[in-house]
Amino acid sequence: MNGSWGFPEGASAAGMEIDRLFYLAFWLTGVCFLVIAGVLIYFLIKYRARKGHSAYYTHGSSKQALLFTLALALAVFVLIDVNLAYHDHLAWEKIWSVPKDLSNAVRVEIGPKQFEWHFRLAGADGKFKTEDDILSVNELHIPVHTPIIVALSSRDVIHSFFLPNFRIKQDAVPGIVTNLYFKADKPGTYDIACAEHCGLGHYRMRGWLVVESQDEFNQWLTEPLEETEPTAEWGWEWGARVV
Ligand SMILES: [Cu+2]
């Protein structure tokens, strides 16, 4: 299943885990709803008042009815809640299976402000907050099939970094650096959206994630990028808390 049922096209294997969870929850609750509604309607008709037959009332408080209700509740709880919690756990393990070898990983600092996405990559020296950092606004390029490690924060209010095609959405909170991990499986140009109402210009807080080959990515790193002003509140050392 890839972008079916109105979802945007999927671009990562981990993101598809989210879709699988969605469909599992949808079918489990959907089928249960239909069964319960069907049984309810059946009994409404079967025990209705009609000529020569008065409606049958019960409070369902007999021992047998109470036991049946308890057993049914337990069955539904296991079938839906426990089942979903189990699959959720499995999916989360896959989504967060950060590879042990991160030697080829691309690290990106994302520091949004009203109403732009600011990206920072370490330059040739591999260190952040130095002269040769690569700064970009509203456009981030990444190589395909490569682990991407993000350090996310905000320069003003709370924003939310949203990659619809990767099923990733994470709040960008001022004063807190959050980590994200993802890997793109398909080259292309994808939306970067802000999913937190962050002010009057929230609607135009849009960026582009360009997934390309390693060669194209290396080429992008050498291209002159839009001038950005590194300010005091933007950019931070790749700290100990960060993967
Ligand atoms: Cu925003």
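Rules behind the numbers
Residues numbered from 1 in each chain as written. Predicted model: local features only at pLDDT ≥ 70, side-chain atom pairs only at ≥ 80, totals over all residues. Heavy atoms only, no water. Domains from an automatic or database assignment. Contact = heavy atoms within 4.5 Å. Salt bridge = Lys/Arg side-chain N within 4 Å of Asp/Glu carboxyl O. Donors = N, O, S within 2.8 Å, 3.2 Å for Na, K, Ca; no water. Tetrahedral: all angles 85-135°; square planar, octahedral: opposite > 155°, others 65-115°. 1 Å grid on protein atoms, 1.4 Å probe; cavity = no way out; pocket = protein on both sides within 12 Å on 5 of 7 lines; lining within 4 Å. Points joined across faces, edges and corners; volume = space filled by probe spheres on them. Helix = DSSP H or I, 4+ residues; strand = E, 2+ residues; numbered from the N terminus. Nonpolar A, V, L, I, M, F, W, Y, C, P; charged D, E, K, R; others polar.

Asker: Got a minute to help me understand the domain arrangement of the protein chain in this structure?
Answerer: Quoted interface sizes are often the accessible area lost when the parts come together. According to the domain assignment, the protein chain contains domain 1 (13–95) and domain 2 (106–222). One C-alpha centre belongs to domain 1, the other to domain 2; they are set 42 Å apart. Each partner contributes residues to the interface: domain 1 has six residues there, and domain 2 has four residues. At the surface where domain 1 touches domain 2, the tally comes to one salt bridge. The closest approach of N and O atoms between Arg-167 and Asp-19, which form a salt bridge, is 2.6 Å.

Asker: Is there a simple way to think about the coordination of the copper ion in this case?
Answerer: Ideal geometry at a metal centre gives angles of 109.5 degrees when four donors are arranged tetrahedrally and 90 or 180 degrees when six donors are arranged octahedrally. Surrounding the copper ion are the protein donor atoms His-159 (ND1), Cys-194 (SG), Cys-198 (SG) and Met-205 (SD), which sit 2.1 to 2.5 Å from the metal. Considering all four donor atoms around the copper ion, the spread of angles at the metal, 92 to 125°, places the coordination shape in the tetrahedral class. The sequence pattern describing where the donors of the copper ion fall on their chain is H-x34-C-x3-C-x6-M.

Asker: So what exactly am I meant to see when it comes to the layout of surface pockets here?
Answerer: The gaps of empty space that remain are located by a probe, the size of a water molecule, rolled over the atoms. One number sums up the size of the largest pocket: a volume of about 780 Å³. Lining the largest pocket are 22 residues, and of these Val-39, Leu-40, Phe-43, Phe-68 and Leu-72 lie nearest its centre. Within the residue set of the lining of the largest pocket, elements represented by two or more residues are helix H1 (13–46) and helix H2 (63–95). Among the residues making up the lining of the largest pocket, the classes are represented as 18 nonpolar, three polar and one charged. Ala-14, Gly-15, Ile-95, Ile-168 and Tyr-181 are, among the 20 residues lining the second largest pocket, the residues nearest its centre. For the lining of the second largest pocket, the elements supplying multiple residues, two or more each, are H1, H2, strand E7 (168–172) and strand E8 (178–183). Grouping the amino acids of the lining of the second largest pocket by side-chain chemistry returns 11 nonpolar, four polar and five charged. Counting contributing residues, the lining of the second largest pocket receives three or more from each of domain 1 (13–95) and domain 2 (106–222).

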